[in-house]
Every structure is written in C-alpha cells, then in structure tokens.
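Below are the chains, spelled out letter by letter.
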Amino acid sequence: MITYDYPLNERIRTLLRLEDLFDRCEHFVRADDPESHHVALVTLFDIFEVVCRADLKIDLVQELERQRQTLLGFRNNPDISEEALNGALYEIEQASAALLAMQGKTGQHLRENEWLMSIKNRTGIPGGVCEFDLPSYHYWLNRDPAQRRGELEGWITPLLPLRDGLGIVLRLLRASGHPEQQCAQRGAFQLMLSGRTAQLIRLRVPKSQAAVPEISANKYALNIRFTVPDTEMRPRQTETDIYFELTFCNL
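What you see is a predicted model, and the numbers here were worked out from it, not measured in a lab. (Residues numbered from 1 in each chain as written. Predicted model: local features only at pLDDT ≥ 70, side-chain atom pairs only at ≥ 80, totals over all residues. Heavy atoms only, no water.)

Undergrad: Even after reading the chapter, I still don't get the sheet that holds strand S2 (residues 180-184), so can you show me in this structure?
TA: Strand pairing in a sheet relies on backbone hydrogen bonds. The paired strands run either parallel or antiparallel. A sheet is described by the order of its strands in space; here four strands give the open sequence S1-S4-S8-S2, paired in antiparallel fashion. Strands with a single pairing partner mark the edges of an open sheet, and in this sheet they are strand S1 (2-7) and S2. Strand-to-strand twist of the sheet, defined as the mean angle between neighbouring strand axes without regard to direction, takes the value 30°. Taken together, the five bridges between S2 and strand S8 (residues 242-249) define a ladder with antiparallel strand orientation. Within S8, the position partnered with Ala184 by the bridge is Ile242. Contacts from helix H1 (residues 10-29) reach S1 and strand S4 (200-205), with the element oriented near 140° to S1. Most of the contacts of helix H9 (residues 160-175) go to S4, to which it runs at about 65°, and overall it touches S1, S4 and S8. (Pairing = 2+ DSSP bridges. Helix = DSSP H or I, 4+ residues; strand = E, 2+ residues; numbered from the N terminus. Axes fitted to C-alpha atoms, helices over the stretch in contact; angles between N-to-C directions. Contact = heavy atoms within 4.5 Å.)

Okay, here's the thing in structure tokens:
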C-alpha cells in the first residue's frame, strides 16, 4: 500500500513538511560520504527556513497540553490500558518540557554561525557551492566522516524538540481516524462532507493499482481524481475503477 497524506489547514501542512525534512536529514546524516552530508546540510537549511516562518514552539506546546488533558480523561477507564496511558502522558510531558526549555529564537544558533550562513546563501545558486566558490566548505566535506557527522548533529540537536513534538501530534492525528473502503469509478471520486470536519485526509492505495491521486477539498466536498503515472506526458485520468482506503483524521 502507498499512503498519501493531504493536510486541510496550513498548520498541519507545515508539520508534514517538517516531518519529511527531519526524516531526510536524519537519513543522510547517518551516511559517511560527503555527498550525503551535503544533502543533510542543505536539508537543515530548509528546516531552518520553515521553523523561522512559523511560531511552532507555542503551537506545539498548546496542542500537546490539549492532548494531555484529553488523555487524563481516560484515567480509570477499564477499556484503556493504564500502562499505555501513562506511557503516552509521560512522552507528551517530556516533549512539552523540552519545547519550553528552548531558549531564544528558534534556529538562532544557525543564524549566528557566519560560516553556515555563507554556505546557505550560496546553495540557492545552481552549482554555487563548488570548491572554487567555497574552499572552506570543500575542506569540510573532505574531513573525517565522524567529525562531519558530529558537527551536523550539533547543529541539528537544538531543533530536535520540535521534531519530537510534531511527531507526537502527527501520530495522534493519524491514529484518530477510522479507515473506510471506497471506490473511484473510472478514476473519479467525490464526497459531500455534510459538516464533517478534519485536519488531515489519508489515502492508502494498493501498489498494484497504477494510479496517482490528485486531491482537492474544501468545507463542503472532497474530490479525488486518479491519474495514470507517466513521467513524460501530462497526467490524464485513468479509466479504471480504483479501490482505496480513505481516512478522515481530526484531533
């Protein structure tokens, strides 16, 4: 199955983008080659751009507190595992404490690093980080992989409370929905929402079905158009019935 997440507001859109960027950065930091560490650093710059444009820390702390209060309402419920509930509450409290402990403006440690900012300014230029443009960066990329990794981790670590907080929020959001089996006849699907509210829509499509969903939604209706994947031509709607799993998620 291939899962497609579609955010229905700007806040969830930002969290999904950051989740993807943090995962990508972590993946390339683990490697040893200079090319991977270059991608990790460029991805870190992307994270920096996103977190500087939104007051994520306060939003995450407020959402985590709201979820904590909700979970506290399940105390002494015989249908809820007390051990699992305590574990979830502890995780939320730890994440909230780490977010509140973040000092100063988010990403300030990167902004104050003149060397990093000089590289960031060149990454927007095609081929702008060649060795003749940034010899000091070329030297860094040729250092011992463990040293590079250590510095990358040092630059990423102050931002990890954001990653952990948004990870909890998105996990709870995704778990809030109940999957429904649907069929898009000849690749088209429309559903009137009739007052149903959601922050995130999840689609799961079998890999065996060669179709890509194009999703649009407003407060009145959800429209999905499945297209034939083609890397050379403009996408066109499939003529085949597509069976998929649809989930509305809302906290």
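Undergrad: Quick question: what am I supposed to make of the pattern of salt bridges here?
TA: Think of it this way: side chains of opposite charge can pair up when their charged atoms draw near. Applying the stated rule across the entire model yields 20 salt bridges. The shortest N-O distance in the salt bridge between Arg174 and Asp5 comes to 2.8 Å. With Arg174 in helix H9 and Asp5 in strand S1, the pair connects residues that are 169 residues apart, well separated along the chain. Given the relative accessible area of 21%, Arg174 is considered partly exposed. Notably, a salt bridge pairs Glu26 with Arg30, separated by 3.4 Å at the nearest N-O pair. (Salt bridge = Lys/Arg side-chain N within 4 Å of Asp/Glu carboxyl O. Buried < 20%, exposed > 50% of the residue type's maximum accessible area, 1.4 Å probe, protein only.)

Undergrad: Can you walk me through the packing of aromatic side chains in this structure?
TA: Two aromatic rings are characterised by how far apart their centres lie and by the angle between their planes. In this structure the tally under the stated criterion is seven aromatic pairs. Taken together through their ring pairs, the aromatic side chains of Trp115, Tyr137, Trp140 and Trp155 make up a single cluster. (Phe/Tyr/Trp six-rings, centres within 6.5 Å; stacked < 30°, edge-to-face > 60°.)

Undergrad: What am I meant to see in the packing of H1 against H9 here?
TA: Packed helices, taken two at a time, are described by their axes: the angle between them and the distance between them. Contact geometry for H1 and H9: axes closest at 10 Å, N-to-C directions at 120°. Put simply, H1 runs oblique to H9. Two packed elements cross with a definite hand, and for H1 against H9 that hand is left-handed. Residues Ile12, Leu15, Leu16, Leu18, Glu19, Phe22 and Glu26 of H1 pack against Arg163, Leu166, Val169, Leu170, Leu173 and Arg174 of H9. Of the residues in the contact of H1 with H9, the class split is nine nonpolar, no polar and four charged. (Parallel < 35°, antiparallel > 145°, perpendicular 65-115°, else oblique. Left-handed = near helix turned anticlockwise from the far one by under 90°. Nonpolar A, V, L, I, M, F, W, Y, C, P; charged D, E, K, R; others polar.)

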